[in-house]
Structure formats: C-alpha cells, structure tokens
Amino acid sequence: MSQDQADDILLKALKRKEGGNVGSSVFEDEIMREVFDIFKENYEKMSEKLIKEILDELK
Amino acid sequence: MNLSKELLAKIKKIIEKNHTFLTLSVLGKSSFTKEEIEEFKKLTGKEPNNEKSLLEYVYLSNFADNPVKNLSELDSIKTPRKDTILQSDEVIKTLIAKLSQDMSQKILNSLIDVTRTYRNEDFTEALKNKSFSEIKQRFKDISEDGNRDWGRVVATEMSNLIGYGSVDKILKDGGDPEETYVFRKIVGDIKTCRWCRKFYGENTPKVYKLSTLLANGSNYGKLKEDWQAVVGATHPNTRTSQIIEIPVGYIPNSSGTLTFVGKEKFLEFIEENLEA
C-alpha cells in the first residue's frame, strides 16, 4: 500500500459525518472493509510471489 | 528424487523473506526500531516504503473527531493510546511469524511427500512431469489456508482497535467511565455467535457502565466460559461495532439508533438494561 493510498483511506474516514460510522463493524463499514481488503491483498500478493519464487527454485 | 539440505534452506529463506515483507507492508516502518529495519534490509535486500501501520489507520478512523478538513489536522489528535496500537502491532508481528512457520512446515512436508511418491525418479525429472503441477496445486491450497488464517487475525485486530479507538474518543471528550453508559451493536445474522448475543443483547442492546467494560480487561487467552463483555475484540473473528455512548436523555432502539426520550425515560431504560 502506498502512502497516498493510506492517506486517502484515512481522509475518507475522517470526512465521515459526525456519528456516521457509529455502530459499524469491520465488515459493515465501507472504509474498514477497504482497509481489510488491503490487508488481504497484501497477503495474496506476498503469497503469490513466494510460491513463484519457490517454483522457480525447483525448476 | 533428492531434496538437498541446501534447497530446503533456500525455500525456508524465501518463505521467511516474503513474510517479513508482509509484516512491513501492513505495519509500516513506524512500528519497527532502526535495528529491526536494518535486519530486514539485510534479509530482504530492500527498504520498506510505507510509514504507518494499517492498524493505526483503523484506530484513528474510529477515534478521530469527524469531520476534519484535511490530514494536517491529524497532528493534533494523534494516538492518545499509542500503547494500544503497539500492542496490536506486536500481536500481528507474532502471528505473521507463526503463519510463516506454518507455511514453511506445510510446504516442506508437501515436498517431502512428493519425493516419497516419486522416490524412484530423479527429482529434476519428476518435476518435469505431473508432479510439478501437483506441487503447484498443493502450494496454492496451503496459501488459501494461510489466507483464511490471516483474514481471521486481521478481523480480530481491527475489531480490537475499533473498540479501543471509540472508547478513547469518549474519554478524550471528557467522559467519566463511572458515569458513562455504553452499548455495542452486533451484526445479528446467522453467523453471530451466542457469546456476542449474550453480552451485547439481541433485540434490546445491553447497557454497561464504561468502567465495567474497562475493568473486564481483555478476553485474550481466556477460556470461552470466562469471556466477558470487553472494550476490545470479544473473541477471534468478532464483528461487533464500536463502543457507543448513550447520552443522557437518549435510548437506543433495536437497530442501535439513539432516540431522544428525556431524562426520566433514559433513567428507566438504564435501570432495566444495565449489566453488572
């Protein structure tokens, strides 16, 4: 995740209207969902690269 | 088939190196000491480029005053409970290390397993035929398992910081934990567990003094029967909301929306629904 991407997420979160995010869970709040997806995307990218490197080593 | 010690060591290093990058990509440089970053650079040959922890964003977005005009306003509201974020960073570091170990073990086991299957063939030759696609598929399965575990870790830590961020906001605004009444919404779908239903209520939200939730501490490492309503994550993969303050004169309805009813009805509601 780039710094710009991170700042964009935070800015969006901070611009929510007062109370707009109250009562939201990790999976209900759009911004939290976006952060969660970045966490997952990071894992998927890492895992894909890792497997490719190992397979290259085995070839 | 021959799996040399050198090859196994190389594979372990690839796994370790990539998980190190994962740690840095989600936690950012600010979560590490200079010495740790130097060690990472030695291991991976590269320098991380993101500064902040993703978890810090989760905390801040649930703590910060809304709305703000621009990011520079963050300087005045930064992390009154940095310790909370640091604790979550440490949990993530430990869990990524465990994921790395698990993946390493599973990948090595699958390779050993394949070498047994093709024990009469040369390893290089075996890889040229169907065993290579078999290995690829096994690695993909291992990766999917790891991804599920990672999702659980992330959801739990995010829930933890959603809870702490919202409570720190209440305290920062001058809330007295002994005099502040709070509740928490549950998703309430078929996946919602009995513990969250029990602690936070189904049709009518259960009300707690903020001091009670703070005194209950954390459920980490506790047996299920000892779990309590807490500020942070109630259990792994929990999906509960922030901690929501009930201002004097308001009561929450079944969907968690606060409605003004006046002080008298507010006090009646608190008396009826307050949990010890």
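**Student:** What should I look at first to understand the packing of helix α2 (residues 30–58) of chain A against helix α1 (residues 5–27) of chain B in this one?
**Tutor:** Packed helices, taken two at a time, are described by their axes: the angle between them and the distance between them. Contact geometry for α2 of chain A and α1 of chain B: axes closest at 10 Å, N-to-C directions at 160°. Here α2 of chain A lies roughly antiparallel to α1 of chain B, going by the angle between them. In this structure, α2 of chain A meets α1 of chain B at a crossing whose hand is right-handed. Residues Phe39, Asn42, Tyr43, Met46, Lys49, Leu50, Glu53, Ile54, Glu57 and Leu58 of chain A of α2 of chain A form the contact with α1 of chain B, whose participating residues are Leu7, Lys10, Ile11, Ile14, Ile15, Lys17, Asn18, His19, Leu22, Ser25 and Val26 of chain B.

**Student:** What exactly am I supposed to notice about the state of the cysteines here?
**Tutor:** Residues and elements named next belong to chain B. Taken as a whole and judged by the stated rule, the model has 0 disulfides over all chains. Cysteine 193 takes part in no disulfide bond, and the closest cysteine sulfur to it belongs to cysteine 196, at a distance of 3.8 Å. The exposure class assigned to cysteine 196 is buried, which follows from its relative accessible area of 4%.

**Student:** I tried to follow the pattern of salt bridges on my own but got confused; where do I start?
**Tutor:** Here the idea is simple: oppositely charged side chains can pair when their charged atoms come close. One pass over the full model with this rule turns up 18 salt bridges over all chains. Close ionic contact of arginine 148 of chain B with aspartate 145 of chain B constitutes a salt bridge, the shortest N to O distance being 2.5 Å. Of this pair, arginine 148 of chain B and aspartate 145 of chain B are both found in helix α6 (residues 130–172), 3 residues apart, which corresponds to roughly one turn of the helix. The exposure class of arginine 148 of chain B is exposed, given its relative accessible area of 54%. The class of aspartate 145 of chain B is partly exposed, set by a relative accessible area of 30%. The salt bridge involving aspartate 149 of chain B is made with arginine 152 of chain B; its shortest N-O contact spans 3.5 Å. Here aspartate 149 of chain B pairs with arginine 152 of chain B, and both are found in helix α6, just 3 residues apart, close to one helical turn. Residue aspartate 149 of chain B is classed as partly exposed on the basis of its relative accessible area of 22%. Taken together, the shared-partner salt bridges in this structure form one network comprising Lys49 and Glu53 of chain A together with Lys17 of chain B.

**Student:** How do you make sense of helix α2 (residues 34–44) of chain B when you look at a structure like this?
**Tutor:** Given 3.6 residues per helical turn, the α-helix brings residues three or four places apart onto the same face. Residue and element names in this part refer to chain B. The set of residues buried in α2 consists of Ile37, Phe40 and Thr44. One side of α2 holds all its buried residues, which, seen down the axis, span an arc of 60°. The exposed set on the far side of α2, more than 90 degrees from its buried face, consists of Lys34, Glu35, Glu39 and Lys42. Against α1 lie the buried residues of α2. Once α2 finishes, glycine 45 follows within two positions and takes phi at roughly 80°, a positive value.

Parameters and conventions
Residues numbered from 1 in each chain as written. Chains lettered and ligands numbered in written order. Predicted model: local features only at pLDDT ≥ 70, side-chain atom pairs only at ≥ 80, totals over all residues. Heavy atoms only, no water. Axes fitted to C-alpha atoms, helices over the stretch in contact; angles between N-to-C directions. Helix = DSSP H or I, 4+ residues; strand = E, 2+ residues; numbered from the N terminus. Parallel < 35°, antiparallel > 145°, perpendicular 65-115°, else oblique. Left-handed = near helix turned anticlockwise from the far one by under 90°. Contact = heavy atoms within 4.5 Å. Disulfide = S-S within 2.5 Å. Buried < 20%, exposed > 50% of the residue type's maximum accessible area, 1.4 Å probe, protein only. Salt bridge = Lys/Arg side-chain N within 4 Å of Asp/Glu carboxyl O. Arc of directions from axis to C-beta.

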